[in-house]
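Single-letter residue listing:
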Amino acid sequence: MTSTTETRHNPAKDGELALEARDLGFQWASSQPMLRFPDVVIPRGEHLFLQGASGSGKSTLLSLLSGMQVPHSGSVRILGSELQRLGSGARDRFRADHIGVIFQQFNLVPYLSALANVTLPCRLSRVRLEQTRPDPDSAAKELLGLLAIPEDHWHRKVTRLSIGQQQRIAAARALMGSPGIILADEPTSALDSDNRDRFLDLLLGLADDRGASVVFVSHDRSLSRHFHHLVHLGGES
Ligand SMILES: Nc1ncnc2c1ncn2[C@@H]1O[C@H](COP(=O)(O)OP(=O)(O)OP(=O)(O)O)[C@@H](O)[C@H]1O
């Protein structure tokens, strides 16, 4: 795999890193080639754009960074914790506590309201619940307001909302309880370019307010200007 990494900032001192992934290699099956990834180093509060052609391994890299998959080689350290040192249950808890994920298809719970989807992380993580004290509902409503979801939509099932609104609800859910890292996998692919830029400005602004680092995946390199760091995956060699 040929890959490039660009950075517009000097790396922070160790201990101030949101994320550090070194020498990562992963193989989905023994019949498939080993995917090898460039090192990823993000100082706390800075944001990284992950770009590459279809099949280059962007989603695979996100699944390694989130601890959903375990690498065959190399290491992932998030907010100072080495993921491989955690057992699978502890890794799941760490993800629920410290990582907000925005999926390509949003993965909202279809039978829940917008508000109930946003408060979900607080039901899965005591750490995220503590961060929204005294009242998770108020914290969720504040996020929904900041993300321009009209108040009369908050109690509607998410399936009755537009794609752009569902995407912003997925962003609110990821930001809820101020996790240190947000991983976003192509959440803008259904939007036109104006709405894509507007969404990114909102997401990065809210992440900045909360001190979170965002790793954002997209095919569209024009979005990279919003980010401190760029990693380009070049595909299988
Ligand atoms: N669950 C899986 N099982 C087996 N192989 C997989 C799986 N997921 C991805 N792959 C393979 O791993 C390689 C990288 O796929 P990945 O989905 O990470 O790429 P991507 O850059 O995110 O692609 P896209 O932009 O199309 O979403 C591809 O060859 C793909 O076929």
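Residues numbered from 1 in each chain as written. Predicted model: local features only at pLDDT ≥ 70, side-chain atom pairs only at ≥ 80, totals over all residues. Heavy atoms only, no water.

1. Quick notes on the nonpolar core
Ranked by size, the top nonpolar core spans 38 residues in total, and within it I102, I169, L203 and F216 carry the most contacts. Residue assignment for this core shows that the elements contributing at least two residues are α3 (114–124), α5 (136–146), α6 (163–175), β9 (181–185), α7 (193–210) and β10 (213–218). Counting 27 residues, the second largest nonpolar core, distinct from the first, contains F26, L48, V215 and V217. (Core = buried A, V, L, I, M, F, W, Y, C linked by side-chain atoms within 4.5 Å. Buried < 20%, exposed > 50% of the residue type's maximum accessible area, 1.4 Å probe, protein only. Helix = DSSP H or I, 4+ residues; strand = E, 2+ residues; numbered from the N terminus.)

2. Here's the deal with the site of the ligand
The local shell around the ligand holds 13 residues, among which S54, G55, K58, S59 and T60 are the closest. In this structure, W28 approaches the ligand through a side-chain N or O atom, which is 3.3 Å from an oxygen atom. Backbone polar atom of S59 to an oxygen atom of the ligand: 2.8 Å apart, as the coordinates give it. Protein chains shield 64% of the accessible area of the ligand, which is 640 Å² for the free molecule. Classifying every residue of the shell around the ligand by side-chain character gives three nonpolar, eight polar and two charged. (Near = heavy atom within 4 Å. Polar contact = N/O pair within 3.5 Å; in protein donor to acceptor, adjacent residues only side chain to side chain. Areas by Shrake-Rupley, 256 points an atom, 1.4 Å probe, with all protein chains shown as cover. Nonpolar A, V, L, I, M, F, W, Y, C, P; charged D, E, K, R; others polar.)

3. What about α3?
Judged by how many residues are buried, α3 sits mostly within the fold: nine of 11 residues are covered. The inward-facing, buried residues of α3 contact α4 (126–131), α5 and α6. (Contact = heavy atoms within 4.5 Å.)

4. Some remarks on the pattern of salt bridges
Applying the stated criterion across every chain, the model contains seven salt bridges. Put simply, D39 and R22 hold a salt bridge, and the shortest N to O gap is 3.5 Å. Taken together, the residues D39 in the loop between β3 (35–36) and β4 (40–43) and R22 in strand β2 (residues 17–26) connect sequence positions 17 residues apart. By relative accessible area, which is 29% here, D39 ends up partly exposed. Classification of R22 by relative accessible area gives partly exposed; the value is 33%. Where D92 meets R95, a salt bridge forms, and the shortest distance between an N and an O atom there is 3.2 Å. Pair noted here: D92 and R95 are both in helix α2 (residues 88–98), with a separation of three residues, about one helical turn. Accessibility expressed as a relative area gives 16% for R95, which makes it buried. (Salt bridge = Lys/Arg side-chain N within 4 Å of Asp/Glu carboxyl O.)

5. Quick look at the confidence of the model for the protein
Averaged over all residues, the pLDDT of the protein is 90; the fraction at 70 or higher stands at 92%. The model gives residues 9–14 a pLDDT under 50, and that stretch makes seven contacts with residues more than four places away or in other chains. (pLDDT = per-residue confidence, 0-100.)

6. Examining the environment of G57
Considering the arrangement of structural elements, one finds G57 in the loop between β5 (48–52) and α1 (58–65). Separated by 20 residues in the primary sequence, G57 and F37 place their C-alpha atoms 8.3 Å from one another. Discounting residues that sit within four places of it in the chain, G57 has contacts with F37 and L233.

7. With respect to α5
Taken together, the buried positions of α5 are P136, A140, L143 and L144. Looking down the long axis of α5, one finds its buried residues gathered within 100° of arc, a one-sided arrangement. Check the buried side of α5 and you find it contacts α3, α4, α6 and α7. At the N-terminal boundary of α5, the capping side chain belongs to D135, with an oxygen 3.1 Å from the backbone nitrogen of D137. (Arc of directions from axis to C-beta.)

8. Here we look at the packing of aromatic side chains
As enumerated under the stated definition, the model contains four aromatic pairs in all. With centroids separated by 5.2 Å and ring planes inclined at 40°, the aromatic side chains of F49 and F227 adopt a geometry described as tilted. With F49 in strand β5 and F227 in the loop between β10 and β11 (229–233), this residue pair connects regions lying 178 residues apart in the sequence. With relative accessibility at 0%, the residue F49 sits in the buried group. Between F216 and F227, the aromatic rings sit 5.7 Å apart at their centres with planes inclined by 40°, giving tilted as the arrangement. Taken together, the residues F216 in strand β10 and F227 in the loop between β10 and β11 connect sequence positions 11 residues apart. A single burial state applies to F216 and to F227, both of which are buried. (Phe/Tyr/Trp six-rings, centres within 6.5 Å; stacked < 30°, edge-to-face > 60°.)

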